[in-house]
Amino acid sequence: MKGKYDCGELKTRVAAIAAKAGIPAKDAAMIADVLVTTDMRGVHSHGVVRLARYLDCIKTGGIKPAAEPVVLKESPNSLMVSAAGGLGIPAAVKTMEMLLAKMGNQAIGIATVNHSDHFGAAGCYAMMAADRGYVGFSMSNTCPLVAPSGGRAAAIGNNPFAYAALGKKYRAVLFDVCMSKVAAGKLVIAAEAGKRIPADWILTRDGEPTDDPNEIWHDAVMLPFAEHKGYGFAAMVEMMTGVLAMSGMMSGVHSWNTQPGRDADTGHAFIVVNPEFFGGKNLFAERMDAMIEELKRCPTVEGVSEVLYPGELEWRRETDAMTNGLTLPAASEKEFERAVLMAETF
């Protein structure tokens, strides 16, 4: 462990590393903000631990570091965008910004992105909408990582999905999950820490249960959360981000692409709902508070001190990181140091 980082200083460092890889300064700052903010919320599987992987893809020619998103088609409340083989985070931020600029008095807006790559934590883009008073939804497909119910081989992505909405008194409801029982990044962190995992999280590539997180490096197969329910939600995300977005679908997605001459063709989708149309943003925020407070009044089981609303734990962690500094797990430190060294080779 390297001790605590000042969050602002860490964002500056991450942006500088990204810029050395040929990523434009504005895009590098977007990447730094998304990765470090995600760590601040305690979701280390999608924080700075990912930076070196982005550099790997750029170094091998699998991602174009300076690619600009291209609007393929648009209407007053919708966008179809190509990331043009570039980085997922800048493409997602820019697409959501364009969609939010369209909202005005629109009741709903939707945007899709194709020819993209890993876009970090889906919740960051849902929160972009929420912070402006909208309800935000964000999702992405991935390469096949998860076995369908009854299957023993990876056939569909773990396909993250997030939603967010502001309260008035409360910061926001934020929910961000992948459709596997655990994110791949958490397996990496567990492996680095020398920990075992529950035996129902993944299968070996031969289809056998295992409690060894190191199998993630040997084509482990992830299992869907809640069995058929997680599988069904993964298919929904694939429908929106693959089928609808005209991106790669399942085996046609090459996440973390390192092969020159093609791109990952990952797809994303973003939906924004305007509460102003349905009764007003102010009233919506008040009603969100009422929903949250009713949830928090729920009696707890023995050993649990309080019921948390979705996102509450993340906001507490973010506040603590801003006040007291950010501690990164060993796997994140290791990958961050690798990114520092790799940046000097560009």
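Residues numbered from 1 in each chain as written. Predicted model: local features only at pLDDT ≥ 70, side-chain atom pairs only at ≥ 80, totals over all residues. Heavy atoms only, no water.

Draft legend 1. Molecular detail of the overall build of the protein. Secondary structure assignment for the protein yields ten helices and twelve strands. Against the compact-globule benchmark of 20 Å for 346 residues, the protein has a radius of gyration of 20 Å, which places it among compact chains. Based on the C-alpha atoms only, the size of the protein along its principal axes is roughly 55 × 50 × 45 Å. Buried residues in the protein amount to 54% of all 346 residues. In the protein, the proportion of contacts linking residues at least 24 apart, taken out of those at least 6 apart, comes to 68%. Accessible area of the protein: about 15300 Å², with a carbon and sulfur share of 58%. (Helix = DSSP H or I, 4+ residues; strand = E, 2+ residues; numbered from the N terminus. Rg over C-alpha atoms; globule rule 2.2 N^0.38 Å. Buried < 20%, exposed > 50% of the residue type's maximum accessible area, 1.4 Å probe, protein only. Contact = heavy atoms within 4.5 Å. Areas by Shrake-Rupley, 256 points an atom, 1.4 Å probe, with all protein chains shown as cover.)

Draft legend 2. Focus on the packing of helix H4 (residues 88-103) against helix H5 (residues 123-130). Taken N-terminus to C-terminus, the directions of H4 and H5 make an angle of 20 degrees; their axes are 10 Å apart at the nearest point. When the interaxial angle is binned, H4 and H5 end up roughly parallel. The two elements H4 and H5 cross, and the hand of that crossing is right-handed. Touching Ile-89, Ala-92, Val-93, Met-96, Glu-97 and Leu-100 of H4 are Tyr-125, Met-128 and Ala-129, all from H5. Broken down by class, the residue content of the contact of H4 with H5 amounts to eight nonpolar, no polar and one charged. (Axes fitted to C-alpha atoms, helices over the stretch in contact; angles between N-to-C directions. Parallel < 35°, antiparallel > 145°, perpendicular 65-115°, else oblique. Left-handed = near helix turned anticlockwise from the far one by under 90°. Nonpolar A, V, L, I, M, F, W, Y, C, P; charged D, E, K, R; others polar.)

Draft legend 3. The arrangement of the sheet that holds strand E8 (residues 202-203) in detail. Read from one edge of the open sheet, three strands run E9-E8-E10, paired in antiparallel fashion. Each edge of the sheet is formed by a strand with only one pairing partner; in this case those strands are strand E9 (209-210) and strand E10 (221-222). In this sheet, E10 lies alongside E8 in antiparallel orientation, the contact comprising two bridges. By the bridge assignment, Ile-202 is partnered in E10 with Met-222. (Pairing = 2+ DSSP bridges.)

Draft legend 4. Layout of the side chain of Thr-241. Mapped onto the secondary structure, Thr-241 falls in helix H7 (residues 228-244). At a separation of 2.7 Å, a polar atom in the side chain of Thr-241 contacts the main-chain carbonyl oxygen of Val-237. Setting aside residues up to four positions removed in sequence, Thr-241 forms contacts with Met-139, Ser-140, Asn-141, Ser-247, Gly-267, His-268 and Ala-269. (Polar contact = N/O pair within 3.5 Å; in protein donor to acceptor, adjacent residues only side chain to side chain.)

Draft legend 5. Highlighting the packing of helix H1 (residues 7-20) against helix H10 (residues 330-343). Two elements in contact, H1 and H10, have axes whose closest approach is 9 Å; the angle formed by their N-to-C orientations is 40 degrees. On the basis of the axis angle, H1 is oblique to H10. Classified by chirality, the crossing of H10 by H1 is left-handed. Seen from H1, the contacting residues are Leu-10, Arg-13, Val-14, Ile-17 and Lys-20; seen from H10, they are Phe-336, Ala-339, Val-340 and Ala-343.

Draft legend 6. Spatial organisation of the sheet that holds strand E6 (residues 161-166). Read from one edge of the open sheet, seven strands run E2-E3-E4-E11-E5-E6-E7, paired in mixed fashion. Each end of this open sheet is capped by a strand with a single partner; those strands are strand E2 (70-75) and strand E7 (172-177). Going from strand to strand, the sheet's axes swing by 10 degrees on average, the running direction of each strand aside. H7 rests against strand E4 (108-116), strand E5 (135-140), E6 and strand E11 (266-273) of the sheet, and its axis sits at about 75 degrees to E5. Packing against the sheet, helix H8 (residues 281-296) makes contact with E5, E6 and E7, and its axis sits at approximately 110 degrees to E6.

Draft legend 7. Seen up close, the packing of aromatic side chains. Within this structure, the stated rule accounts for ten aromatic pairs. Three or more aromatic residues joined by ring pairs form one cluster here, namely Phe-137, Phe-161, Tyr-163 and Phe-175. Sitting above the plane of the Phe-346 ring, Lys-59 keeps its charged end 4.7 Å from the centroid. When the ring centre of Tyr-134 is taken as reference, the NZ or CZ atom of Lys-281 above it lies at 3.9 Å. (Phe/Tyr/Trp six-rings, centres within 6.5 Å; stacked < 30°, edge-to-face > 60°. Lys NZ or Arg CZ within 6 Å of the ring centre and 35° of its normal.)

Draft legend 8. Inspection of the pattern of salt bridges at higher detail. Applying the stated criterion to the full structure yields 21 salt bridges. For Glu-97, the salt bridge identified is with Arg-132, shortest N-O distance 2.7 Å. Note that Glu-97 is positioned in helix H4 and Arg-132 in the loop between H5 and E5, a separation of 35 residues in sequence. With relative accessibility at 33%, the residue Glu-97 sits in the partly exposed group. Residue Arg-196 is joined to Asp-211 by a salt bridge in which the shortest nitrogen-to-oxygen separation is 2.8 Å. Of this pair, Arg-196 sits in the loop between helix H6 (184-192) and E8 while Asp-211 sits in the loop between E9 and E10; the two residues are 15 residues apart in sequence, bridging distant segments of the chain. By relative accessible area, which is 32% here, Asp-211 ends up partly exposed. Sharing partners across several salt bridges, the network here consists of Lys-296, Glu-306, Glu-312 and Arg-316. (Salt bridge = Lys/Arg side-chain N within 4 Å of Asp/Glu carboxyl O.)

Draft legend 9. Inspection of H8 at higher detail. An ideal rise of 1.5 Å per residue puts 22 Å on 16 residues; H8 measures up with 22 Å between its terminal C-alpha atoms. The set of residues buried in H8 consists of Ala-285, Met-288, Asp-289 and Ile-292. Buried positions in H8, seen along its axis, are confined to an arc of 100 degrees and lie on one side of it. Turned more than 90 degrees from where H8 packs its buried face, Arg-287 and Glu-294 sit exposed. (Expected span 1.5 Å × (residues − 1). Arc of directions from axis to C-beta.)

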